[in-house]
Structures are given as C-alpha cells and as structure tokens.
Amino acid sequence: MRRAPWIAGAAVTALVAAGTITYAVADGDDSGMRAPAADSADAGFARDMAVHHQQAVEMSYILRDRTDDEDVRRLAYDIAQTQANQRGMMLGWLDLWELPKVSSDAPMTWMDMAGMADGKDGALMPGMATNTDMTKLGTLDGKQAEVFYLQLMTKHHQGGVHMAQGCVDRCEVGVEKRLAQGMVDAQESEISLMAGMLKERGAKALS
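Every value quoted in this text rests on a predicted model; they were computed, and no experiment measured them.

Asks: Give me the lowdown on the nonpolar core, citing residues and values where you can.
Replies: Note on soluble globular proteins: their nonpolar side chains tend to be buried together. Judged by nonpolar contacts, the single largest core of 31 residues is most densely connected at Phe45 and Met90. Listed by contribution, the elements that provide at least two residues to this core are helix H2 (41-64), helix H3 (70-96), helix H5 (142-170) and helix H6 (174-200). The contact partners of methionine 90, leaving out residues within four places of it in the chain, are Phe45, Ala46, Met49, Ala50, His53, Leu179 and Met183. Counting 21 residues, the second-largest nonpolar core is a separate cluster that includes Leu75, Ile79, Phe148 and Tyr149.

Asks: How would you explain the pattern of salt bridges if you had to name every residue and give the values?
Replies: Per the counting criterion, the structure on display carries 7 salt bridges. Put simply, arginine 74 and aspartate 71 hold a salt bridge, and the shortest N to O gap is 3.3 Å. Placement of both arginine 74 and aspartate 71 in helix H3 is noted, with a separation of 3 residues, approximately one turn of the helix. A relative accessible area of 47% places aspartate 71 in the partly exposed class. Its salt-bridge partner being glutamate 200, residue arginine 201 comes within 3.6 Å of it at the nearest N-O pair.

Thresholds, definitions, all that
- Residues numbered from 1 in each chain as written.
- Predicted model: local features only at pLDDT ≥ 70, side-chain atom pairs only at ≥ 80, totals over all residues.
- Heavy atoms only, no water.
- Core = buried A, V, L, I, M, F, W, Y, C linked by side-chain atoms within 4.5 Å.
- Buried < 20%, exposed > 50% of the residue type's maximum accessible area, 1.4 Å probe, protein only.
- Helix = DSSP H or I, 4+ residues; strand = E, 2+ residues; numbered from the N terminus.
- Contact = heavy atoms within 4.5 Å.
- Salt bridge = Lys/Arg side-chain N within 4 Å of Asp/Glu carboxyl O.

Take a look at the structure:
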C-alpha cells in the first residue's frame, strides 16, 4: 500500500508521455513525415510488436498470482505496465495512420523473415511462448512458477530485442525508431537482471 502513490504517479507520467508521443505523430511533428504505408516496416512493427507485447502482459499477470516473491512480482508488474503502455502507443499510431491493426501478411514479413517462427501452438513470432507454455505457467506455484516465468520472459525479450532492432534499422518514423531503441535498451537490461534472478534460484535461461 505504501507504494500506491508512487505507482499512481508513474502511471500518470506514462500516460502523459504516451499522449505527447501520439500527438507528435498525429500533428506531423516528426520531420514532416507522412503516415507510412500499410506494408511498411513502421506499420508491420507496430502490428507485430503489439501482439508480442500482449503475451508478455498476459504472462506477467499469470505470474502475479502464482508467487509471493516480491522481487519477481515487482519485475512482472514493471514489464506488464511498460509493455501495456507501449502496446497502446503502437495501436494508437495505427489508428492515426488509418492503417489496419491486422494484416493478411505473415508475421515478420516487414523484416523479410516471414515464417521465422513456425506459428505452431500460438508461437507466432520469435521468443513467443506456446499455448502449452502459457497453460503450464498457470499450473505452477512458488519457485517453480518464478523460474519458468523468468525463462519464458528471457526468451520473449530476446525475440523482442531482435524485432525492435529490426525497426531501428528499417523504420522511418523517428518517434517509432526511438521507441524501438528504448525497447532494445530496456529489454537487454532486463535479460541481464533475469539471468541473475535465475542463478539465485539454481536455474538458467532456456537454450
């Protein structure tokens, strides 16, 4: 309960930041660029990463109810809040650009890597957990849940970093490239953090 004011303040700050970024794109205040095409890297990244982020949010909320460990719960909360806010930004940009949120193209087509993930059992993109993995996470408790979550999220972040770097290299909308670079930096930091948390629990990342 003592963290509630801080959490509320952080949430307001995130929403204000999101609104500022969204307005910048809507107002054409990003190097005067027009809305990207539906088959552009900008649109493809926004669509695919919104899906990728949604699974991370779901995993984090599952973990919240499976352990009392404060450190892992705090990490899961931070990931859920950060990726939910970023997902909202990307879907908002697609609305502003008047582009569809889904595409008939296979995931990762914008990176020329369609089919990189086989899509079986719900793993649509690099690093995504399968439906079986998600179900299993919901059956574990305590240390077992913590370890499996950290393993799944490490793999998820590794795939996310790969995709975000793809946007840094290919996207043209400046504000989106900056968001993608921020994802790379933050998720690489969290991968290192999770490696340490796994080591503390006598485990390591999935190969």
